[in-house]
Amino acid sequence: MEKEPVEKAVATRLRRARLQLGMTQQEVAHAVGFKNPQSVVYIESGRQAVKVSELLRFARLFDRSVDSLLGLENDEAAPVVLWRDRGEAAAARAAEAQFIRYCRDYAQIEELAGRRPAPVSLTRRAKPATYEEADRMGEEYSQMMKLGSRPAIGLLSALEEQYGVKLYAARLEGAGSAASAKGSFGAAIMLNCMNAPARRSYDAAHETFHLATWDLFPAERVRCASGERRSRVDTMANRFASALLLPEKALKAELRSRAPVSDWSYVDYVTLAHEFRVSAEAMVWRLVVLEYVSEADARRMLRSPGFCAAKQTEARDTNEDERCTGYSRRFVGLAFECLAKGRISRTRFAELMGTRLCDVDEFLAGWGYGTVEADETQTGTA
Amino acid sequence: MKPRLVLLDANVIIEAFRIGVWDRLVARVEVIVARSVFEDESVHWFVPATGERKYIDLARYASEKKVRVVDGSIASYAGIRKRLPRSLALHTGELESLAWLTESDEPACFCTADRAAVRAAVFLDLSERLVSLEVLLEDHAVARSAGGKLRPQFLERLLKDWRTQAQIEKLQAGH
């Protein structure tokens, strides 16, 4: 009795999902791996029952869950993703799809673990109108987030653990520099794991501005593609990021212990930037804002071969997590907890982590987790 | 006729290869695998002595009729998905296996070494048909090679504990 309506409804959803992607039935048949190109025609018209294994392939192609195709969960409208220097369209689309899938998986893991983040909001009520207001906002957020005198060190963990921002580090290559998103999963930031940690911190701070002012600036005013002139809002985000990572008080205290800036060589800028875990460029521009360096001198310096050579010493910080798996430590930790407590199966865990079933133990060991059965031993039930 | 055994996921297959009992097992029981399990993963196992990774060609076993591949209907799949608590996340292949078990008239037991799958089986009133790999090998007199020691999750003792805990949880949840 129930069979027909379920299959009919699924057929309608499959057709709708295909049309939303602008794909033909033949293209879908090919992508899903049907030998007979007519199969999709028959399935969509309800003349051929779709199998669960086929539904899984459709779900992956359409970037949806099997549950949403079955009508068991709401088909959320695609969340808005704001890019910084959005690059090649196809690469950006693929990175976005991965990012959103990760955010949804992360939200599911939080729910399974019963650890949805406390609703501490980053959102700001009034938008900054000037660059100086963006500077002040950066300083204010640095204090509000209790980031101390070297904010870059604790920024990522504060975002994730105190403010529930989902962090994803992807190999963005030509897709763009970084991105932020909001959806039913909450707020999220995607960083480029190919960048040095100092650059990633800066990108995270920049994206924090966009999350904080998400409802205050319309998306079209915020972003620009790679190579385009930066929007005013994006420049504000840079000013905010610099002030957040280089608070005036902490920076001035450090400057007092050094020779006057007017006597500095390029190496002094680079070492100070290292001290604050920011890029040398970010440091130079912050010193411009604080009127230690003129804008003309800054531009000359950033173009000079000597500065570029000194900057090469910006080695990657070996204390940072160098894995480029995309997943944050919190996400993997929560997923491990769910696995050990029997809330998620090992096969689903492997799927979420993009690893093979036989490699799950090795994957966990790589993140510092032991065998899942350890939980049983500890509780004395084994 | 050989007794039927549904493998909910590839964990049991990997373990059976690891301890060297797979071929003897498929000779004694009719092994059934849901298509999503069969198609979705390229299954490998590690040779314990050398750590060498080896591919398991399930398609060959299917073509030799040593493994039977079945499809669960989407209506049954949707039905069990609704009955399971939200605090439980399984792979599509495991859910399809459970869907097939729920709707099929063919008597079959099933094997898993996954705590979440055991919880699901209890919530779906299928746990009576659940068997550990340890008991399965004993019941069908599948001899293990020397040193072929099962890991804890494949033992009856742990499976029993998981089942008991899930039954308590189900009662507490008022199911």
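Preceding block: the structure.
Values in this document were obtained by computation on a predicted structure and should not be read as measured data. (Residues numbered from 1 in each chain as written. Chains lettered and ligands numbered in written order. Predicted model: local features only at pLDDT ≥ 70, side-chain atom pairs only at ≥ 80, totals over all residues.)

## Quick notes on unusual backbone geometry
Part 1 of the reasoning: Located in the positive-phi region is A:D63, a residue other than glycine, with phi close to 55 degrees.
Part 2 of the reasoning: Structurally, A:D63 is set in the loop between helix 4 (52-62) and helix 5 (66-69). (Helix = DSSP H or I, 4+ residues; strand = E, 2+ residues; numbered from the N terminus.)

## Remarks on the sheet that holds strand 7 (residues 130-131) of chain B
Residue and element names in this part refer to chain B.
Part 1 of the reasoning: Within the open sheet, the five strands sit side by side as 5-2-1-6-7. Their pairing is parallel. In the strand order of this sheet, the two ends are held by strand 5 (67-70) and strand 7, each with one partner.
Part 2 of the reasoning: The sheet contact formed by strand 2 (residues 30-34) and strand 5 spans four bridges and is parallel. Across the sheet, I32 pairs through a bridge with R68, a residue of strand 5. (Pairing = 2+ DSSP bridges.)

## Quick notes on the packing of helix 7 (residues 115-123) of chain B against helix 9 (residues 156-172) of chain B
Residues and elements named next belong to chain B.
Part 1 of the reasoning: At a minimum axis distance of 9 Å, the contact between helix 7 and helix 9 shows a crossing angle of 50 degrees. Taken as axis vectors, helix 7 and helix 9 run oblique relative to one another. As for how helix 7 packs across helix 9, the hand of that crossing is right-handed. Across the interface between the two elements, R115, V118, R119, V122 and F123 from helix 7 touch L159, W162, R163, A166, Q167 and K170 from helix 9.
Part 2 of the reasoning: Here the contact of helix 7 with helix 9 is composed, by residue class, of six nonpolar, one polar and four charged. (Axes fitted to C-alpha atoms, helices over the stretch in contact; angles between N-to-C directions. Parallel < 35°, antiparallel > 145°, perpendicular 65-115°, else oblique. Left-handed = near helix turned anticlockwise from the far one by under 90°. Contact = placed C-beta atoms within 7 Å. Nonpolar A, V, L, I, M, F, W, Y, C, P; charged D, E, K, R; others polar.)

## What about the packing of helix 14 (residues 280-289) of chain A against helix 15 (residues 295-303) of chain A?
All names here are of chain A.
Part 1 of the reasoning: With their axes 9 Å apart at the nearest point, helix 14 and helix 15 run at an angle of 165 degrees to one another. With respect to helix 15, the element helix 14 is oriented roughly antiparallel. Here the hand of the crossing between helix 14 and helix 15 comes out right-handed. In this structure, helix 14 uses E281, V284, W285 and V288 to contact helix 15, whose residues at the interface are E295, A298, M301 and L302.
Part 2 of the reasoning: Here the contact of helix 14 with helix 15 is composed, by residue class, of six nonpolar, no polar and two charged.

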